[in-house]
Every structure is written in C-alpha cells, then in structure tokens.
Amino acid sequence: MERTFVMVKPDGVERRLVGEIIRRFENRGLRLVGLKLLQPGRALAEKHYAVHREKPFFQELVDFITGGPVVAMVWEGNQAILLVRNMMGALKPENAQPGTIRGDYTTDIQTNLVHGSDAPETAQSEIALWFKPEELL
Ligand code: ATP
Ligand code: MG
C-alpha cells in the first residue's frame, strides 16, 4: 500500500472540477484518507514547489497556487503514486493523453488542474507538509 499527496489546484476548484477529479480516483479504487479545502500561503506554496525555486516560472507558479482555494488530499492504494500520475496526464499539453485529467480538461502547461507526488520520498514529505498525522484516517 502506498500513499500519495494530490491537490486540485485553484483552476480546478474555480472550474468546478473537484467532484470530477475525486470521482476518477474513487472509481479507480483508490481510498481517500485525507481531504481539506484551503488557500495556501506563500510559505507553504514555496516549500511545496521548492524543487522549482530556480526555474523562470517559479514566482508565477507560486502566485497561481496561492491565488485561490485548493483541495489537498491524500489517496491510498496499490502503487497509488504512479497510478495517480498516470491518471493526471503529462505536464506538456501536447503529451497529455485523452482519458487523463489534463488531457481531457486543459491545454495549458501552468493551469493544469491537479498535482500528484512523483516519488515515494516526495509523497512522504508532501503529506507531512500539508497534513497533520491526526488528519489522515
Ligand atoms: P505537479 O508538480 O504540479 O504535479 P508536474 O510534476 O507534472 O506537476 P512539474 O515539472 O513538477 O510538473 O511542474 C510543477 C508545476 O509548475 C506544473 O504542474 C505547472 O503548474 C508549473 N509549470 C511547470 N513548467 C512550467 C512552465 N514551463 N511554464 C509555466 N508553468 C510551469
Ligand atoms: Mg511535479
């Protein structure tokens, strides 16, 4: 069993896609173990995307993620990290396949609706960054 951190980004909340995104993970058979709606502050957003600190799009990315409420979640299941990444679709719009969340709902590299942890180490640190242990059931 694996746990992964998933976030519906502000564009997904704004576009009323929270239910659709949750439905896909539930239908797949993943188990929801944590969920909250919050508007992240800059400190949290900068920590979450710290790996991208030197990238030219970093400030814009932090502005975007702090620009409205997000839905932070933890999902659990067999190979949950990879399954969620596959269901999200690729970062580059031209590579995001139909049937994936990004491939079905966005053409933009930044406003791409959903975040998912990309490896066991990042899943562990992101879950700890966004959730207290007692918030995971
Ligand atoms: P995420 O980490 O949000 O799950 P990802 O792992 O598919 O997405 P990353 O390379 O980690 O992609 O980029 C993190 C986020 O930064 C992207 O999801 C997107 O919102 C934004 N981003 C990435 N590359 C660019 C870019 N070239 N221009 C603008 N925004 C970008
Ligand atoms: Mg990433």
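Going by the structure above, here's the rest.
Residues numbered from 1 in each chain as written. Chains lettered and ligands numbered in written order. Predicted model: local features only at pLDDT ≥ 70, side-chain atom pairs only at ≥ 80, totals over all residues. Heavy atoms only, no water.

1. Quick notes on the pattern of salt bridges
Thought 1: Under the criterion given, the structure shown has eight salt bridges.
Thought 2: One salt bridge in this structure joins Lys36 and Glu135, with 2.9 Å as the shortest N-O distance. Placement of Lys36 in strand S2 (residues 31–38) and of Glu135 in the segment after helix H7 (120–130) is noted, with a sequence separation of 99 residues between them.
Thought 3: You can call Lys36 partly exposed: its relative accessible area is 21%.
Thought 4: A single network of salt bridges, built from pairs that share partners, joins Glu20, Arg23, Arg24 and Asp104. (Salt bridge = Lys/Arg side-chain N within 4 Å of Asp/Glu carboxyl O. Helix = DSSP H or I, 4+ residues; strand = E, 2+ residues; numbered from the N terminus. Buried < 20%, exposed > 50% of the residue type's maximum accessible area, 1.4 Å probe, protein only.)

2. Some remarks on helix H2 (residues 18–28)
For an α-helix, the turn length of 3.6 residues means that residues three or four places apart are oriented alike.
Thought 1: Burial in H2 covers these residues: Val18, Glu20, Ile21, Ile22, Arg24 and Phe25.
Thought 2: At the C-terminal side of H2, Gly29 shows a positive phi close to 110 degrees.

3. Focus on the pairing of strand S1 (residues 2–8)
Thought 1: Buried residues dominate S1, accounting for five of its seven residues.
Thought 2: Inspection of the sheet shows S1 paired to strand S4 (residues 114–116) by three bridges, in the antiparallel sense. Counted as the bridge partner of Met7 is His115 from S4. (Pairing = 2+ DSSP bridges.)

4. Some details on the sheet that holds strand S3 (residues 70–77)
Thought 1: In space, the four strands of this open sheet follow the order S2-S3-S1-S4, with antiparallel pairing throughout. Each edge of the open sheet is held by one strand with a lone partner, namely S2 and S4. Going across the sheet, the axis of each strand differs from the next one's by a mean of 15 degrees, ignoring polarity.
Thought 2: Seen against the sheet, H2 touches S1, S2 and S3 and runs at an angle of roughly 5 degrees to S3. (Axes fitted to C-alpha atoms, helices over the stretch in contact; angles between N-to-C directions. Contact = heavy atoms within 4.5 Å.)

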